[in-house]
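Chains, contacts and geometry: an overview
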Amino acid sequence: MLRLLDGRLSFRLPNGAELAVLRGASIEVAEGECVAVLGRSGVGKSTLLSVLGLLEPLDSGALSVDGTDTAGLDDGPASRLRGEAFGFVFQRSFLLGHLTAAENVEIPLLHQDRYMRSGERRRHVRGVLERVGIAHRSRHTPSMLSGGEQQLVAIARALVRRPRYLLADEPTGDLDPETGERTVRLLADLARDEHHGVVMVTHDVELSRLFARRVLLRDGRLSELTE
Amino acid sequence: MTTARYALVVAVQTIRSHRLRTILTALAIVLGVLALVTVDSAAGAAESAVVDSALLANGLPATWAVNLQPGLQLVGRAAGAAGDIDGRVESRGGAAALEMDGSAALEFNGQTGSVNLVAVAGPLLAVRPLHVVAGAWPETPRGLRPVVVVNSAAARSGIRVGDAIGLRVGSRATMIASGVVGVVNDGQSDPTVYVPAPQLAWWRPTIGADMSARILLHVPDGSAEDEVQTLVAGSLARSGLQGSNPVRLDDLSGQMTAVQTLRLAFLTVAGLGLLTGMLGILNIGLAALPERVVELSLRRAAGATRRSIVVVMMTESVLVGAAAASLAVAGAFLLYPVTSRMIFPQIPASAADQFPLLSAIVGIAAGMLAGLLGGLIPALRAAAMDIASIMRA
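This section reports on the structure supplied with the text. (Residues numbered from 1 in each chain as written. Chains lettered and ligands numbered in written order. Predicted model: local features only at pLDDT ≥ 70, side-chain atom pairs only at ≥ 80, totals over all residues. Heavy atoms only, no water.)

1. Section: the interface of chain B and chain A
Between chain B and chain A, the residue contacts involve 29 residues of the former and 35 residues of the latter. Summing the contributions of chain B and of chain A, the shared interface buries around 2900 Å²; its carbon and sulfur component is 61%. Applying the counting rule to chain B against chain A returns three salt bridges. Note that E103(A) is salt-bridged to R16(B), the shortest N-O span being 2.9 Å. Seen at the junction of chain B and chain A, the total is twelve residue pairs in polar contact (both at pLDDT 80 or more). At the level of elements, α1 (2–17), α7 (253–301), α8 (306–343) and α10 (389–392) of chain B are the ones that each hand at least two residues to the side of chain B that touches chain A. It is α1(B) that provides the largest number of residues to the side of chain B that touches chain A, a total of eight residues. Grouping the amino acids of the side of chain B that touches chain A by side-chain chemistry returns 14 nonpolar, seven polar and eight charged. (Contact = heavy atoms within 4.5 Å. Buried area = accessible area lost by both parts, 1.4 Å probe. Salt bridge = Lys/Arg side-chain N within 4 Å of Asp/Glu carboxyl O. Polar contact = N/O pair within 3.5 Å; in protein donor to acceptor, adjacent residues only side chain to side chain. Helix = DSSP H or I, 4+ residues; strand = E, 2+ residues; numbered from the N terminus. Nonpolar A, V, L, I, M, F, W, Y, C, P; charged D, E, K, R; others polar.)

Quick look at the structure:
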């Protein structure tokens, strides 16, 4: 269970003023559950994902990942927990242009504590690329892939360490509607088949309906959407 | 350990993918290390040459010479005095030998030429460490027919161990048939024949009047001059000989200072080159950071700790430094026979062919150090990046 309780986070603006982004946000996400986070642009949806994914520490409140309280974790334990528990999918694929699709997917495997031999890594990467349906492009560099294919590679990268939660920040933002819908359906299928919890930020209400649960971020707080 | 192994994989991927950046980074290191290794290796060879030449000519550290007055009965008495001194210093790790210098006509293969003649009594090699390159040094010569040793310069005329040669000492003297038992490198460029003094004296009893003679005395460091003087004076008096005050021969300081000063000057210039290389790595590393924000943030998001980001970045720069230094060492190795003699003309040709391994190790270590220092600041800055920024990009 990913649990955020009364999370608060503010940023200091260049003019010295304080911008409160999260003002007591709370949410629980179980493994295998799909949650869409809706909200206006600039309301703090990406910041919420940063907090959930241990990329940004809270000013106050509590965040626990499968029972582990993350408060006060040093960089080492926090990074290890982040690598084990979370996979990130961003609006842009953020594939590294100098690496092939397979090498991009391999990146998270090169930052784990367990050593995997290159052959084992290659086989594992191949399996994940097959799972998202892009294995035939594994040796291509990002410039040789379409936007949708790049995002599939990015999803494979997020999945390669078998995370318990996928955090997706507007993953369809750069895609056409049809490809976007296919991508979101893939995330939902992965959650169902492989029991990942998925938190997806979007402002596309129609796409959000593909997820069983939807929450709205407004004024720094989260509320369930029933409609 | 796992972090280091993965860091190596990531570093190789990055270096392979950014060839131009790598080449630019490596270039300054190559030049710096090339200069460093070239100077260091040449200076090392020059130092060795100076030291070796001084050791061969003047003996081991702490060697004294006592010049003896010529005389008809000199050989027997001088050999006795040298033996007496040798017996007194042997227990302290020292040695003493008689060395008499003169000239002779050498006949070999029907040809006659002039050579230096050195008559020896006592353990000369324990004082002057001549390199035996063939055969052996006659420790205890027996028989009347002299067994001789020639130096490398004499051997260049074709004389080999086992050959018979003739020696004529003095204008009207008879030819002394001799057998060659060894060849030594004595650092001299003139042909020289070493012959046991007692055997030579049997053939030419008055030889002591025609040759300059000295006792070479090696005593362990720390023996005071007056102690050596007392020791020598006693032995000479007992043998009925007169000699000069002992003079210490092995003062290398002047020659070594000249070589070391030149070496320091060149190394300073080479060090500046290396510093430039290090600044090049630093500069390119810092300039490349903005374009690596996404990559590094992704790695952090994927579980990389700040420490592992530092390790990855440092591994890259150290690898580049090591590869550049290896290239530079290879270049220095190839150019060594030419550059070493350009920098230090006093290096003998033989030494200019032997590239010192230590210089290669120093060069590669210097390249890796430049990579380590040059990569440190970019690595620390990369580790301190705000990874959440990628989520908001």
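More follows now that the structure is in view.
2. Considerations on the packing of helix α3 (residues 74–89) of chain B against helix α6 (residues 225–239) of chain B
All names here are of chain B. α6 packs onto α3 with a crossing angle of 140° between their chain directions and a minimal axis gap of 9 Å. With respect to α6, the element α3 is oriented oblique. Every pair of crossing elements has a handedness; the one defined by α3 and α6 is right-handed. Every residue of α6 that contacts α3 at R77, G80, A81, D84, I85, R88 and V89 is listed here: L231, V232, S235, L236, R238 and S239. Of the residues belonging to the contact of α3 with α6, the class tally is six nonpolar, three polar and four charged. (Axes fitted to C-alpha atoms, helices over the stretch in contact; angles between N-to-C directions. Parallel < 35°, antiparallel > 145°, perpendicular 65-115°, else oblique. Left-handed = near helix turned anticlockwise from the far one by under 90°.)

3. Regarding the nonpolar core
Soluble, globular proteins show a tendency: their nonpolar side chains are buried together. Counting 47 residues, the largest nonpolar core has L68(B), L98(B), M100(B), L117(B), L200(B), I215(B) and L217(B) as its most contacted members. No other element matches α3(B), which puts seven residues into this core. Ranked by size, the runner-up nonpolar core spans 40 residues in total, among them C34(A), V132(A), L152(A) and L187(A). (Core = buried A, V, L, I, M, F, W, Y, C linked by side-chain atoms within 4.5 Å. Buried < 20%, exposed > 50% of the residue type's maximum accessible area, 1.4 Å probe, protein only.)

4. Some points on empty space enclosed by the protein
All names here are of chain B. Under the defined criterion, the tally for this structure stands at three cavities of 30 Å³ or more. What the largest cavity holds in volume is close to 260 Å³. Along the walls of the largest cavity sit 18 residues, with R21, T25, G285, R292 and E316 positioned nearest its centre. Of all the elements in the fold, those that place two or more residues in the lining of the largest cavity are α1, α2 (19–58), α7, α8 and α9 (357–383). Its residues assigned to classes, the lining of the largest cavity shows eight nonpolar, seven polar and three charged. (1 Å grid on protein atoms, 1.4 Å probe; cavity = no way out; pocket = protein on both sides within 12 Å on 5 of 7 lines; lining within 4 Å. Points joined across faces, edges and corners; volume = space filled by probe spheres on them.)

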